[in-house]
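Okay, here's what each chain looks like letter by letter:
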Amino acid sequence: MKRIVHAACPHDCPDACGVLITVQDGRATKIQGDPRHPVTRGFLCAKVAKYLDRVYSPERVLYPMRRIAAKGPGEQRNFSPPGQPGAAVPTQAQVWRRISWDEALDEIASRFRAIANEYGSEAILPYSYGGTLGTINGSTMDRRFFHRLGASQLDRTICSAAGEAGLKSVLGVKLGTEPEQFRHSNYIIAWASNIHGNNVHLWPFIMEARRNGAKLVVIDPYRTRTAACADWYLPINPGTDAALALGMMHVIIGENLHDADYVAKYTLGFDQLRDKVKEYPPERVAQWTGIAASDIRKLAREYATTRPAVIRLNYGIQRSERGGMATRAVVMLPCITGSWKEVGGGLQMSLSEAVDLNSEALRRPDLMKTALGREGRTINMVKLGWALNTLNDPPVKALFVYNCNPASVCPEHNEVVRGLLRTDLFTVVHEQFFTDTTDYADIVLPATTFFEHKDLQKAYGHYYIQVSNQAIAPLGECRPNVEVFRVLAERMGFQEKCFHETVDEMIDLALDSTKKDPWMQGIDRERLEQEHVRFNFAASSSAGQPRAAVRTRSDEPFLPFANGNFRTASGKAELYNEALQAQGLDPVADFTPPTESRHGKNVNKLPLELLARKADNFLNSTFSNLPAVQEMEEPGLLEICATDAEARGIREGDRVRVFNGRGEMLLRARVDGKVQPGVVSAHLNWAKMTPGFQSINALTSEKLTDMGNSATFYSVLVEVERIQPNAKQ
Ligand SMILES: Nc1nc2c(c(=O)[nH]1)N[C@H]1C(S)=C(S)[C@@H](COP(=O)(O)OP(=O)(O)OC[C@H]3O[C@@H](n4cnc5c(=O)[nH]c(N)nc54)[C@H](O)[C@@H]3O)O[C@H]1N2
Ligand SMILES: Nc1nc2c(c(=O)[nH]1)N[C@H]1C(S)=C(S)[C@@H](COP(=O)(O)OP(=O)(O)OC[C@H]3O[C@@H](n4cnc5c(=O)[nH]c(N)nc54)[C@H](O)[C@@H]3O)O[C@H]1N2
Ligand code: SF4
Ligand SMILES: [Mo]
């Protein structure tokens, strides 16, 4: 029998595509985009278009496994014989022993109990991030479980916390211009935004605007595919965006190009901003950014006078030491030009706060008090290496990893690995694949993919919510996250009713918090299950607070801040934010070069700035191991400009060593003009796919950003040298 099931892509991507999965006799036979989705409109990115390869990969983890050999990378990748996709995966007998779920759960429960008795429950650390952004499998039963256990809490800051803090320091909320409106723009700035790679469903709207004469400007230190297609590409020195935004505002305010009426009605602190930007004349800004003063003037004038103008700001800007402030400065731009008023104006960074899906009820932080009588200690996920190697009182004795691959994606890779190698650390990894992190696991548990479980899916790049239906039965003995934490709670003897809730009950609970909202009336699970994607969240700008809504007319534009309605303490766009002062930051905005940059105050400075970027065809570390996806990437490259290559005697294709005080990586030089002098670039991959089992994160640091305690993947200094052809590795 053939059926077509509507699902939603749960990967950590702003697009949250509507997906159709064809199922024939219980097996998925086709994946395609759902043409009814108003934003993602029937196409998928290249990697997810190949998802059947991933679901039925012979490398899937299908059964619980127990380690019987020393921890560490090596031969552990678990291949089944070719030509038997989906078949039972034979274990590599020297590393793994297949065990039953009962055995696995018993061991986990007894180890957790013993550790909690000896060291206190906070010696147990959950570690998760963006494997699935499904509301239910992303953060519900797992949170309940670790709250009730009294485990250490994880501060999940590895991706976007600095940018969110910067955005909210001006707007008070994560809302912005919906993608559909980009088609109405006349001036589009892609600012630290790799649209072709990371947000491809925005592109058709941009193309529509360009066909009507819009100009696309790209600001990025790396010449992305988006930059290559731009009308105007401005390569900027990494970490200097705050200076550029302040310089643009210097010109805009100095030449009276701001919207005085909007500013007076809806912003706070314009006078302080006007004084502040006087310190940033284009000539001064040019020295930091590498962008000519004349170009800064031209950009500022064009942006302020071409209407409507929109900015797609993405997270690349905030993976830098001063990333919060950089975001803050850019977000001020539409607030002073008043472009929030216009259809096709404004700015988009994250749209994820249109509605609250009852997160307290879903995550139950109150259970921490049941366990500990207080809140548990919190550990920043960026500092995993430190937490495993240095933290005491209590030390981390057990680590439970799910939805995440820290041995690849975490900064200071060598420190992370040193911690994961500890023989006294009990590590459980719930995974779909034998990743870099399972190389250090004591127990691996098999996880379902989104084909094999149900979820509720919202988005951070548009305003639509979907139910993602289960298409096929779980392969092997795979279980969804929800199920794993449900059975573990049972093993631990947790009595609370919430541990018995089904996925449907949790979806209902998630939508429960929206019931009081008049704009969300009639939105419930049954309707989402049937009507798939016709509903969305949009905020009402006319009725005071923005709130969730059913979009009844597809041509209805959503202008969250057309009439102010900012969700800051003052209700205005805060160009001056008092709370920042308390954090030791400039309450308006300022620029200081990152310490770890060519302009910074770093002692023993190395000469090159490394962009440890994402791959266009992987999703962080996910997909790196799939042959069909690998073919679309060229892994193992260090991109370097001709001047820097020549100065080091490096030619195209040479093997090179990239290093700093934290580690090194062996790569192949690509002299291709994608980066400017002083900047080199390489991308994230599974460590075990590289010579020496190194992640590019061997070079990145645990240093945190100015706001939000986020990671600084793009503030990294390195040196590069050619490896002599006959040198031993
Ligand atoms: N194909 C693909 N899609 C993805 C992902 C993936 O790995 N692959 N990852 C997903 C995730 S988790 C996220 S958070 C989003 C992130 O998507 P983006 O926010 O787009 O994040 P990045 O790719 O980190 O950075 C975007 C661009 O910023 C540039 N950049 C780096 N430093 C600076 C700087 O100092 N200034 C400026 N102006 N630009 C800078 C980078 O070169 C990059 O091209 O994408 C998601 N989508
Ligand atoms: N150098 C460098 N490092 C980076 C970045 C960078 O740009 N450069 N980007 C950073 C960013 S923005 C982010 S968001 C992080 C992302 O870091 P992670 O959240 O670790 O992202 P992934 O690498 O995609 O790994 C997710 C893992 O979850 C697994 N998974 C998927 N679905 C499920 C599920 O339903 N259940 C379970 N149990 N597992 C599942 C996948 O198989 C995959 O191995 O990486 C960060 N690291
Ligand atoms: S990864 Fe992003 S673009 Fe690709 S299918 Fe998923 S949501 Fe769509
Ligand atoms: Mo991310």
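Look above for the structure.
Colleague: Please explain the sheet that holds strand S13 (residues 346-348) as it appears in this structure.
Modeller: Across a sheet, strands are paired by hydrogen bonds formed along the backbone, either parallel or antiparallel in direction. Ordered by their spatial adjacency, five strands build an open sheet running S10-S9-S8-S12-S13, and the pairing between neighbours is parallel. Looking at strand neighbours, the two that pair on one side only are strand S10 (232-234) and S13, the edges of this open sheet. Neighbour to neighbour, the strand axes of the sheet diverge by 15 degrees on average, direction disregarded. Along the sheet face, helix H10 (residues 241-254) touches strand S8 (187-191) and strand S9 (215-219) and points at about 155 degrees away from the line of S8.

Colleague: I would appreciate a short explanation of the packing of H10 against helix H14 (residues 293-305) in the present structure.
Modeller: A pair of packed helices is characterised by two quantities: the angle between their axes and the separation of those axes. Where H10 meets H14, the axes come as close as 9 Å, and the angle between the chain directions of the two elements is 65 degrees. The orientation of H10 relative to H14 falls into the category roughly perpendicular. Taken as a pair, H10 and H14 cross one another with a handedness that is right-handed. Contacts between H10 and H14 involve Leu 244, Gly 247, Met 248, Val 251 and Ile 252 from the first element and Ile 296, Arg 297, Leu 299, Ala 300, Arg 301, Tyr 303 and Ala 304 from the second. Classifying every residue of the contact of H10 with H14 gives nine nonpolar, one polar and two charged.

Colleague: What is the right way to read the nonpolar core from this model?
Modeller: Across soluble globular proteins, nonpolar side chains have a tendency to be buried as a group. Residues Tyr 127, Ile 158, Leu 610 and Leu 638 are the most contacted members of the largest nonpolar core, which totals 92 residues. In terms of residues, this core owes the most to one element, strand S21 (residues 608-613), which gives four residues. Mapping this core onto the domain boundaries places at least three of its residues in each of domain 1 (2-68 + 97-158 + 357-530) and domain 3 (608-722). Residues contacting Ile 158, with those up to four places away along its chain left out, are Tyr 127, Tyr 129, Met 381, Val 382, Val 409, Cys 410, Pro 411, Ser 710, Ala 711 and Phe 713. In this structure, Leu 244, Tyr 266, Phe 270 and Val 330 belong to the second largest nonpolar core, which totals 74 residues.

Colleague: How should I be thinking about the site of ligand 3 in this particular structure?
Modeller: Surveying the vicinity of ligand 3 reveals the residues Cys 9, Cys 13, Asp 15, Ala 16, Cys 17, Leu 44, Cys 45, Lys 47, Val 48, His 201 and Leu 619. Split into classes, the residues belonging to the shell around ligand 3 amount to eight nonpolar, one polar and two charged.

Colleague: It is not clear to me how the environment of Leu 362 should be interpreted in this structure. Could you clarify?
Modeller: In this fold, Leu 362 is placed in helix H16 (residues 359-363). Taking C-alpha positions, Leu 362 is 8.2 Å from Ile 136, a pair spaced 226 residues apart along the chain. When neighbours within four sequence positions are excluded, Leu 362 is seen to be in contact with Thr 135, Thr 140, Arg 144, Leu 357, Met 506, Leu 509 and Ala 510.

Colleague: I would appreciate a short explanation of the sheet that holds strand S4 (residues 65-67) in the present structure.
Modeller: Strand order in the open sheet made by the six strands is S5-S4-S17-S16-S15-S6, with mixed pairing throughout. The open sheet terminates on both sides in strands that have one partner only, identified here as strand S5 (96-98) and strand S6 (124-128). Pairwise comparison of adjacent strand axes, ignoring direction, gives a mean angle of 20 degrees for this sheet. When strand S15 (residues 398-402) meets strand S16 (residues 426-431), the two strands line up parallel, connected through five bridges.

Conventions used here
Residues numbered from 1 in each chain as written. Chains lettered and ligands numbered in written order. Predicted model: local features only at pLDDT ≥ 70, side-chain atom pairs only at ≥ 80, totals over all residues. Heavy atoms only, no water. Pairing = 2+ DSSP bridges. Helix = DSSP H or I, 4+ residues; strand = E, 2+ residues; numbered from the N terminus. Axes fitted to C-alpha atoms, helices over the stretch in contact; angles between N-to-C directions. Contact = heavy atoms within 4.5 Å. Parallel < 35°, antiparallel > 145°, perpendicular 65-115°, else oblique. Left-handed = near helix turned anticlockwise from the far one by under 90°. Nonpolar A, V, L, I, M, F, W, Y, C, P; charged D, E, K, R; others polar. Core = buried A, V, L, I, M, F, W, Y, C linked by side-chain atoms within 4.5 Å. Buried < 20%, exposed > 50% of the residue type's maximum accessible area, 1.4 Å probe, protein only. Domains from an automatic or database assignment. Near = heavy atom within 4 Å.

Taken by themselves, the reported measurements are silent on function.
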